[in-house]
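Residue-level structural notes
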Amino acid sequence: IRRPPRSTPLYSSAASDVYKRQKYNSFKQIKIFSDSKLVCMQFNKKWKCKDQNLKCLLEKAHIILSKISTEIILTSIPREENKIADELAKNGIRN
């Protein structure tokens, strides 16, 4: 799954992409990796989301994903541990 631009919250774009792909594939599990610990913890319901705009997107993502049987795992990978993703993100910002 391609990562959206940094300014786009991961919640709804990733959820929407997973939902669209689910129609054509029957995945048992999908792993999504992010360099944002905050996004991962909020998505996994470990931390509360205080921002009202993001909270709406997060709720939308959970509604979308509740419609599929696939297990979704959102995992945080620190940027310094993932040089390839960091370079891709930098290239995406430049373009």
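All of these numbers come straight from a predicted model, not from anything done at the bench.

Observations concerning the overall build of the protein
Looking only at helices and strands, one finds 4 helices and 2 strands in the protein. Helices and strands appear in the protein in the N-to-C order α-β-α-α-β-α. Burial analysis of the protein (95 residues in total) assigns 28% to the buried set. The long-range share in the protein, meaning contacts at least 24 apart out of those at least 6 apart in sequence, stands at 71%.

Considering the nonpolar core
Across soluble globular proteins, nonpolar side chains have a tendency to be buried as a group. Formed by Ile30, Ile32, Val39, Cys40, Phe43, Cys49, Leu58, Ala61, Leu65, Ile68, Ile72 and Leu74, the largest nonpolar core amounts to 12 residues. Listed by contribution, the elements that provide at least two residues to this core are strand 1 (29-34), helix 2 (37-43), helix 3 (52-66) and strand 2 (71-76).

A closer look at helix 3
Relative to the 21 Å expected for 15 residues at 1.5 Å per residue, helix 3 spans 21 Å between its end C-alpha atoms, a close match to the ideal helical length. Listed in full, the buried residues belonging to helix 3 are Leu58, Ala61, Ile64 and Leu65. Considered in projection along helix 3, the buried side chains sweep an arc of 125 degrees and stay on one side of the axis. Facing away from the buried side of helix 3, by more than 90 degrees, are the exposed residues Gln52, Ile63 and Ser66. One side-chain oxygen at the N-terminal end of helix 3 lies 2.9 Å from the backbone nitrogen of Asn53; it belongs to Asp51.

With respect to unusual backbone geometry
Where the residue is not glycine, phi is negative for most of them; where a peptide bond is considered, it is trans in most cases. Unusually for a residue other than glycine, Lys45 sits at a positive phi of about 60 degrees. Among the secondary structure elements, Lys45 is positioned in the loop between helix 2 and helix 3.

Re the confidence of the model for the protein
This prediction gives the protein a mean pLDDT of 76; 71% of its residues lie at or above 70. Confidence scores differ between elements of the protein, with helix 1 (residues 10-22) showing the lowest mean pLDDT of 62 and helix 2 the highest of 89. A low-confidence stretch, residues 1-8 (pLDDT under 50), is modelled with 15 contacts involving residues beyond four sequence positions or located in other chains.

Reading the values: the criteria
- Residues numbered from 1 in each chain as written.
- Predicted model: local features only at pLDDT ≥ 70, side-chain atom pairs only at ≥ 80, totals over all residues.
- Heavy atoms only, no water.
- Helix = DSSP H or I, 4+ residues; strand = E, 2+ residues; numbered from the N terminus.
- Buried < 20%, exposed > 50% of the residue type's maximum accessible area, 1.4 Å probe, protein only.
- Contact = heavy atoms within 4.5 Å.
- Core = buried A, V, L, I, M, F, W, Y, C linked by side-chain atoms within 4.5 Å.
- Expected span 1.5 Å × (residues − 1).
- Arc of directions from axis to C-beta.
- Polar contact = N/O pair within 3.5 Å; in protein donor to acceptor, adjacent residues only side chain to side chain.
- pLDDT = per-residue confidence, 0-100.

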